[in-house]
Amino acid sequence: MAADSEPESEVFEITDFTTASEWERFISKIEEVLNDWKLIGISSGKPLEKGIYTTGAWEEKSDEISFADFKFSVTHHYLVQEPSDRDGKEEPAEDALPLPMQDLLCMNNDFPPRAHCLVRWYGLREFVVIAPAANNDAVLSESKCNLLLSSVSIALGNTGCQVPLFVQIHQKWRRMYVGECQGPGVRTDFEMVHLRKVPNQYTHLSGLLDIFKSKIGCPLMPLPPVSMAIRLTYVLQDWQQYFWPQQPPDIDALVGGEVGGLEFGKLPFGACEDPISELHLATTWPHLTEGIIVDNDVYSDLDPIQAPQWSVRIRKADNPQCLLGDFLNEFFKLCRRKESTDEILGRSAFEEDGKGEPLYIPITQEPAPMTEDLLEEQSEVLAKLGTSAEGAHLRARMQSACLLSDMESFKAANPGCCLEDFVRWYSPRDYIEEEVVDEKGNVVIKGELSARMKIPSNMWVEAWETAKPVPARRQKRLFDDTREAEKVLHYLAVQKPADLARHLLSCIIHAAVLKVKEEEVLEDISSVKKIIKQIISHSSKVLRFPNPEDKKLEEIIAQIMSVEAIIARARSLKAKFGVEKCENEEEKEDLQRFVNCLLEQPEVSVLGAGRGPAGSVIHKLFVNAQRVSAMPPLDEELRRSGSSDERRLNTGAVPDFPPPTGREVILRTTVPRPAPYSKPLPQRIFSAQQQHNTSHGRGGDIEDSQKEP
């Protein structure tokens, strides 16, 4: 008994020590997303073409993960590239660097005008960002930041993913990221620093080089050469020396003449203010080697006129006031008003007029013309009569007015006629003729009414019995034009202005489209042609129905307003660049092409930089603006004494360009670290300094990436 009980007293226990923590589950979710997106293993791709970051297509896909109750969005940003012929055929060399590390040194796509900030700062073609899912959430503490970075590092190591992984920290408007990229035996750390006040050594190239070298900590002496790319941005805001060419509408011509003047047939067009608020000139030195130029706190060789590359972008005025757009908006507002005419004007807008009696003498009266709304109204009346015998009788009477008129005319023209005679003329298919043999044996043709005409008390029989022999000229008119005109006037008199405006809205939109087409012909802008085609297609579908939705009408008006704004910008730029005044046809074509590109592209290269036709005009614009800004007020000028030479000496030389509002510097090199025998890896620092008021409330930014083996 005791022997049997011993095994039962022994209990085999298993303690599970593999329960995953929230942190481990978070890492697992990151790895799962990377696997789902097939970002595992060695990254491959063909060399980057020049300008591909601007001209190529960027795509992104997102997923959502959570750390405990805190939700994060994971977004994969990547440049869409055609697969190269070598993809999948040749294995990359064992010592080849991961593709993102190679991109750090590529100089073909520095300073892209339109790209994600991480693309601009680090030159990456592909990366993944982990950010708080809610806009108001943020990773603020250093411990949370380190925890996320550790999660990223472990996930990259476990999966073998070579795509850089970034974590967004602090408030989203600050655009602060930290990240990491891993490869076989190498790691890249992406770090950033935001400085509200820029230290003096960061404001020039010499100081940035010293900082770059100190952060690298390269054990080699002398250090390998550092390649540099520099961009200085100048902003032109003062257009005082150029008047805005838009002529205001001639109010006297509209209201001073007689009602119905020709000016009422013209829709207003154009912007009331300059639709171009700023011109941004970027002067770039794309390929420089350390020691070629001097840029320190006392002297600089970075003269914008000498920059080998110029590019320009324009800043458009926010919602510029345009005449045609205002007209359409005000008219559409009228369509939505609820007041009656009496409530708006305080009295009746129409008065009774004497009735006329026009005479129309047809042989037989024509059926009364029916508009679409009258047909709909008549159908409703006939339907309301119901299916009762009395209702059917009334419906037949209403529908037989024309028949009765024709019968009366027929009786007047043919005294002593019968219904068979009328039917034989009016409806031959209801008069059946056949050959019969009479009493004498002769074959004769005998006719009779059809079966439906023989039905007792049918509509035709009743109408024939009611009809009197009255010629058409003496009958009551089937279509009383005077009465119908009075009905129209009464309809208009009781209409609310909004209802009347609704009827005219289709015509107004049609006229507006014709107006923008007329104005576009003068400018010949390809993007405007496409938008006009879209407007025509859209409006033809929307206005086909009697009561289109307000939202769709607003979309059409917004499209017309966008076209007007584009044409206004084109005219503003043509005036500023003096396209029409240029006498050299070749230069005129170059300037026209340049203006069109400014309207359609985010940033446009200036051929010949400061020495080309467009560059010369831009230089003059800045020179004139500088002179205007340096000119003292008139009263102060009058108080000054001395000759003009003395005043010129007191004023001093005015520089052609203002201080740059933006300074961007990219420094690159390849060095072994931390030891001389370490593998040489790319090192890169990107410095972006924004002077004056910036959108992020900071005076200068420094973004840098460092690599450690």
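Above: the structure in question.
One structure accompanies this document, and this report is about it. Small disclaimer: the values here were computed from a predicted structure and weren't measured.

**Remarks on the overall build of the chain**
Phase 1 of the analysis: When helices and strands are counted, the chain shows 23 helices and 15 strands.
Phase 2 of the analysis: The contacts of the chain with a sequence gap of at least 6 include a subset with a gap of at least 24, amounting to 72%.
Phase 3 of the analysis: Total accessible area on the chain stands at roughly 42200 Å², and carbon and sulfur atoms take up 52% of it.

**Regarding the pattern of salt bridges**
Close approach of charged atoms lets side chains of opposite charge pair.
Phase 1 of the analysis: This model, assessed by the stated rule, comprises 28 salt bridges.
Phase 2 of the analysis: Close ionic contact of K574 with E580 constitutes a salt bridge, the shortest N to O distance being 3.1 Å.
Phase 3 of the analysis: Using a relative accessible area of 11% as the deciding quantity, one classes K574 as buried.
Phase 4 of the analysis: Taken together, the salt bridges that share partners define one network made up of K515, E519, E523, R571, K574, E580 and K588.

**Describing helix α7 (residues 205-216)**
Phase 1 of the analysis: The terminal C-alpha atoms of α7 lie 16 Å apart, and with 12 residues this matches the ideal 16 Å at 1.5 Å per residue to within 8%.
Phase 2 of the analysis: Within α7 the residues assigned to the buried category are L205, G207, L208, L209, I211, F212 and I216.
Phase 3 of the analysis: Just beyond α7, the residue with positive phi is G217, at close to 65 degrees.

**Observations regarding a negative patch on the surface**
Phase 1 of the analysis: Taken together, the side chains of E32, D36, D63 and E64 define an acidic patch exposed on the protein surface.
Phase 2 of the analysis: At the level of elements, α2 (22-36) and β1 (58-67) are the ones that each hand at least two residues to the negative patch.
Phase 3 of the analysis: Among the structural elements, E64 can be located in strand β1.
Phase 4 of the analysis: A relative accessible area of 47% means that E64 is categorised as partly exposed.

**What about the packing of helix α9 (residues 323-335) against helix α19 (residues 550-576)?**
Two quantities define a packed helix pair, namely the angle between the axes and the distance from one axis to the other.
Phase 1 of the analysis: One way to put it is that α9 packs onto α19 with a least axis distance of 8 Å and a crossing angle of 165 degrees. What the angle tells us is that α9 and α19 run roughly antiparallel. Two packed elements cross with a definite hand, and for α9 against α19 that hand is right-handed. Along its contact with α9, which presents L323, L324, G325, L328, N329 and F332, the element α19 presents D550, L553, E554, I557, I560, M561 and E564.
Phase 2 of the analysis: Looking at the contact of α9 with α19 residue by residue, the classes come out as 8 nonpolar, 2 polar and 3 charged.

**So, the pairing of β1**
Phase 1 of the analysis: Both β1 and strand β2 (residues 70-79) contribute to a ladder of 10 bridges, which runs antiparallel. Bridge assignment links F67 to a residue of β2, and that residue is F70.
Phase 2 of the analysis: What sits between β1 and β2 in their antiparallel hairpin is a turn of 2 residues, with A68 showing a positive phi close to 60 degrees.

**What to know about the side chain of D430**
Phase 1 of the analysis: By the element assignment, D430 lies in the loop between α14 (419-426) and β10 (431-437).
Phase 2 of the analysis: On the basis of relative accessible area, D430 is assigned to the buried category, the value being 3%.
Phase 3 of the analysis: Within the structure, the side chain of D430 is placed 2.8 Å from the side chain of S427, a separation counted as a polar contact.
Phase 4 of the analysis: Sequence-distant contacts of D430, defined by excluding residues within four places in its chain, comprise V423, E448, L449, S450, R452 and M453.

**Re the packing of α9 against helix α17 (residues 497-523)**
Phase 1 of the analysis: Two elements in contact, α9 and α17, have axes whose closest approach is 8 Å; the angle formed by their N-to-C orientations is 160 degrees. When the axis of α9 is compared with that of α17, the two are roughly antiparallel. Between α9 and α17 lies a crossing whose hand is left-handed. Each of L324, F327, L328, F331, F332, L334 and C335 in α9 lies in contact with α17, whose residues at this interface are P497, A498, A501, R502, L504, L505, I508, A512 and V516.
Phase 2 of the analysis: Within the contact of α9 with α17, the residues separate by chemical class into 15 nonpolar, no polar and 1 charged.

**Examining the environment of P415**
Phase 1 of the analysis: Within the secondary structure, P415 is located in the loop between α13 (401-413) and α14.
Phase 2 of the analysis: C-alpha separation for the pair P415 and P469, spaced 54 residues apart in sequence, amounts to 7.7 Å.

**Considering the state of the cysteines**
Phase 1 of the analysis: Scanning the entire structure with this criterion turns up 0 disulfides.
Phase 2 of the analysis: In this structure C322 is not part of a disulfide, and its nearest cysteine sulfur, from C272, lies 7.1 Å away.
Phase 3 of the analysis: Residue class for C322 comes out buried when judged on its relative accessible area of 6%.

**Section: α9**
Phase 1 of the analysis: Between its first and last C-alpha atoms α9 spans 19 Å; for 13 residues at 1.5 Å apiece the expected length is 18 Å, and the two agree.
Phase 2 of the analysis: Contacts from the buried residues of α9 go to α17 and α19.

**Observations regarding the nonpolar core**
Phase 1 of the analysis: Core analysis: the biggest nonpolar cluster contains 77 residues, and I230, W310, I560, F577, F594, I618 and L667 have the highest contact counts within it.
Phase 2 of the analysis: If one sorts the elements of this core by residue count, α19 sits on top with 9 residues.
Phase 3 of the analysis: Membership of the second largest hydrophobic core comes to 54 residues, among which are I65, L79, C161 and M192.

**Here's the deal with the side chain of S539**
Phase 1 of the analysis: Following the sequence through the fold, S539 ends up in helix α18 (residues 526-542).
Phase 2 of the analysis: On the basis of relative accessibility, which here comes to 10%, the residue S539 falls in the buried class.
Phase 3 of the analysis: From its side chain, S539 meets the backbone oxygen of I535 in a polar contact 2.8 Å long.
Phase 4 of the analysis: A polar atom in the side chain of S539 sits 3.3 Å from the backbone oxygen of I536.
Phase 5 of the analysis: The residues touching S539, leaving out its near neighbours within four places in the chain, are I509 and I556.

**Description of the pairing of β2**
Phase 1 of the analysis: Buried residues dominate β2, accounting for 7 of its 10 residues.
Phase 2 of the analysis: Direction of pairing for β2 relative to strand β3 (residues 126-132): antiparallel, over a ladder of 7 bridges. In the sheet register, T75 faces β3, and the bridge partner there is V129.

**Notes on the packing of aromatic side chains**
The description of an aromatic ring pair rests on the distance of the ring centres and on the angle between the ring planes.
Phase 1 of the analysis: Per the stated rule, a full pass over the model turns up 16 aromatic pairs.
Phase 2 of the analysis: Ring plane angle 50 degrees and centroid distance 5.6 Å describe the contact between F26 and F72, whose orientation is recorded as tilted. Of this pair, F26 sits in helix α2 while F72 sits in strand β2; the two residues are 46 residues apart in sequence, bridging distant segments of the chain. Here the two residues F26 and F72 agree in accessibility, since each one is buried.
Phase 3 of the analysis: Each ring, one from F422 and one from W460, has its centre 6.2 Å from the other, and the planes form 50 degrees; the classification is tilted. With F422 in helix α14 and W460 in helix α15 (residues 459-466), this residue pair connects regions lying 38 residues apart in the sequence.

Criteria and thresholds
Residues numbered from 1 in each chain as written. Predicted model: local features only at pLDDT ≥ 70, side-chain atom pairs only at ≥ 80, totals over all residues. Heavy atoms only, no water. Helix = DSSP H or I, 4+ residues; strand = E, 2+ residues; numbered from the N terminus. Contact = heavy atoms within 4.5 Å. Areas by Shrake-Rupley, 256 points an atom, 1.4 Å probe, with all protein chains shown as cover. Salt bridge = Lys/Arg side-chain N within 4 Å of Asp/Glu carboxyl O. Buried < 20%, exposed > 50% of the residue type's maximum accessible area, 1.4 Å probe, protein only. Expected span 1.5 Å × (residues − 1). Patch = residues over 30% accessible without salt bridge, like charges linked within 9 Å, V, L, I, M, F, W, Y side chains within 5 Å. Lys, Arg positive; Asp, Glu negative; His and termini not counted. Charge placed at Lys NZ, Arg CZ, Asp CG, Glu CD. Axes fitted to C-alpha atoms, helices over the stretch in contact; angles between N-to-C directions. Parallel < 35°, antiparallel > 145°, perpendicular 65-115°, else oblique. Left-handed = near helix turned anticlockwise from the far one by under 90°. Nonpolar A, V, L, I, M, F, W, Y, C, P; charged D, E, K, R; others polar. Pairing = 2+ DSSP bridges. Polar contact = N/O pair within 3.5 Å; in protein donor to acceptor, adjacent residues only side chain to side chain. Disulfide = S-S within 2.5 Å. Core = buried A, V, L, I, M, F, W, Y, C linked by side-chain atoms within 4.5 Å. Phe/Tyr/Trp six-rings, centres within 6.5 Å; stacked < 30°, edge-to-face > 60°.

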